[in-house]
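Results of the structural survey
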Amino acid sequence: MKILVTGGAGYIGSHTCVELLNSGFEAVVVDNLSNSKTESISRVEKITGKNITFVQGDVRDRECLQTVFKAHDITAVIHFAGLKAVGESCEQPLSYYDNNVYGSIVLAQEMEKANIKKLVFSSSATVYGDPEKLPLTEDMPLSTTNPYGTSKLMVENIYRDLEVADKLKDSNSPWAISLLRYFNPVGAHESGLIGEDPNGIPNNLMPYISQVAVGKLQQLSVFGSDYPTIDGTGVRDYIHVVDLAKGHVKAVQAMLGGLSGVNAINLGTGNGLSVLQLVKAFEEQNEKPVPFKMVARRSGDVAACYADAKKAKALLDWQAELDVNAMVKDSWHWQSKNPNGYE
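Keep in mind that this is a model prediction, so the values were computed, not measured. (Residues numbered from 1 in each chain as written. Predicted model: local features only at pLDDT ≥ 70, side-chain atom pairs only at ≥ 80, totals over all residues. Heavy atoms only, no water.)

What follows concerns the overall build of the chain. The helix and strand inventory of the chain stands at 11 helices and 14 strands. Whereas a compact globule of 343 residues would reach a radius of gyration of roughly 20 Å, the chain reaches 19 Å, a difference of no more than 12%. When its C-alpha atoms are laid out on the principal axes, the chain stretches across 55 × 45 × 35 Å. Burial statistics for the chain: of 343 residues in total, 55% are counted as buried. Contacts in the chain between residues at least 24 apart in sequence constitute 80% of all its contacts with a sequence separation of at least 6. Summing over all exposed atoms, the chain offers an accessible surface of approximately 14,400 Å²; the carbon and sulfur share of this is 47%. Charge-centre separation for the chain: the mean point of 32 positive side chains lies 1 Å from the mean point of 40 negative side chains. (Helix = DSSP H or I, 4+ residues; strand = E, 2+ residues; numbered from the N terminus. Rg over C-alpha atoms; globule rule 2.2 N^0.38 Å. Buried < 20%, exposed > 50% of the residue type's maximum accessible area, 1.4 Å probe, protein only. Contact = heavy atoms within 4.5 Å. Areas by Shrake-Rupley, 256 points an atom, 1.4 Å probe, with all protein chains shown as cover. Lys, Arg positive; Asp, Glu negative; His and termini not counted. Charge placed at Lys NZ, Arg CZ, Asp CG, Glu CD.)

See below:
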């Protein structure tokens, strides 16, 4: 079975391609390479010993999608393509709505024309906004604190409306959509061949830590030291990217097995770690110092955010297996083997 992976050359997309291929699926990747490189695809092929069909294109390009759907018998789509930095979204909201919302609409329209109605959407825990209580369950009120989160929540609502409209038509092939709300992906494949390779200064914590440790950056900036948390720094649910990738494969398998409708599902460990706890774990496991400085809070950030992942276990038979030690070890293995990323 062929699975279309939009944004499949990116960090989470490339790891998901590994797990798809290892699970017996074929992967067709569409990626515009705005924040990724084709080298990741070559390395996925090296890890798995299997080939990937790669198309350089944008999900907003209807002709590109139509060509792909005509050329390949696609069974389901995993949709990663989009911009993903909270801070950047506050500075460039229109880019985020154009890429993340409009792109998701075009993709769904072209999928519907091709009668492909199994979709895994890369959503985010940011749709919970600044939560009143923790851990976060899928039935909690939804709100957002930044354009990135708003773009994800808008797409969730659009896909819900799409499925409702389809039911009203009494369609013979109803939509099955998994809205995977994941928390903070970190780590890399154990081979060290693929990992997170951001353009410029990293927006996410773990690649920033790794680049400080490898000497590319002078020190880590810790945004906010006065949150109501264990040590004043932000608390997040860090999840190993390989666990996350396996969750996407489980979602595809569940929908092929009959899971129907629209299902919002958290993918997290259920445990919160502060920024300083993650830094300490990295230093201890890898025996590498990570100098840091405390700076002001960042716009759009919340104090703490971690998941209740029971629904993922119930619906997908999935749960996180890799701990923080594996996360920091694999992150450093990737960075130390590839100090300049895929270059």
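More follows now that the structure is in view.
The next subject is the nonpolar core. Ile 3, Ile 52, Leu 180, Leu 267 and Leu 316 are the most contacted members of the largest nonpolar core, which totals 41 residues. Per-element accounting of this core gives the leading share, eight residues, to helix α8 (residues 241-256). Those residues in contact with Leu 316, other than ones at most four positions away along the chain, are Leu 180, Gly 247, Lys 250, Ala 251, Ala 254, Leu 259, Ile 265 and Lys 311. Cys 64, Met 111, Leu 119 and Leu 162 belong to the second largest nonpolar core, which has 25 residues in total. (Core = buried A, V, L, I, M, F, W, Y, C linked by side-chain atoms within 4.5 Å.)

Looking now at the pairing of strand β11 (residues 261-267). Extensive coverage of β11 is indicated by the burial of seven of its seven residues. Taking every second residue as pointing to the same face, both faces of β11 are buried, with Gly 261, Asn 263, Ile 265 and Leu 267 on one and Val 262, Ala 264 and Asn 266 on the other. Pairing analysis gives seven bridges linking strand β6 (residues 176-182) to β11, with the strands arranged parallel. Across the sheet, residue Leu 179 finds its bridge partner in β11, namely Ala 264. (Pairing = 2+ DSSP bridges.)

Quick look at the packing of aromatic side chains now. Here the structure, examined in full by the defined rule, presents four aromatic pairs. On the basis of an interplanar angle of 55 degrees and a centroid distance of 5.0 Å, the ring pair of Trp 334 and Tyr 342 is categorised as tilted. On the basis of relative accessible area, Tyr 342 is assigned to the buried category, the value being 9%. (Phe/Tyr/Trp six-rings, centres within 6.5 Å; stacked < 30°, edge-to-face > 60°.)

Take the sheet that holds strand β9 (residues 235-236) next. Sheet architecture is open: three strands sit in the order β12-β9-β14, paired in mixed fashion. Whereas interior strands pair on both sides, the edge strands pair on one side only; in this sheet they are β12 (273-274) and β14 (304-305). In terms of strand pairing, β9 meets β12 through two bridges, oriented antiparallel. Residue pairing in the sheet places Arg 236 in a bridge with Leu 273 of β12.

Read from one edge of the open sheet, seven strands run β3-β2-β1-β4-β5-β6-β11, paired in parallel fashion. The strands lining the two open edges of the sheet, one partner per strand, are β3 (53-56) and β11. The sheet shows a mean angle of 20 degrees between the axes of neighbouring strands, taken without regard to direction. With five bridges joining them, strand β1 (residues 2-6) and strand β4 (residues 74-79) adopt parallel strand pairing. Bridge pairing in β4 places Lys 2 opposite Ile 74. Here helix α6 (residues 147-168) sits on the sheet in contact with β4, β5 (118-124), β6 and β11, set at roughly 155 degrees to β5. (Axes fitted to C-alpha atoms, helices over the stretch in contact; angles between N-to-C directions.)

Let us now look at the state of the cysteines. For the structure shown, the criterion picks out zero disulfides. Of all cysteine sulfurs, the one in Cys 64 lies closest to Cys 17, which takes part in no disulfide; the gap is 15 Å. (Disulfide = S-S within 2.5 Å.)

Excluding glycine, a negative phi dihedral is what most residues carry, and trans is how most peptide bonds are arranged. That bond from Leu 134 to Pro 135 is cis: its omega, 0 degrees, falls within 30 degrees of zero. In this structure, Asn 115 is a non-glycine residue whose phi angle is positive, near 60 degrees. Tracing the backbone shows Asn 115 in the loop between α5 (93-113) and β5.

Any link to function would need more than the numbers given here.
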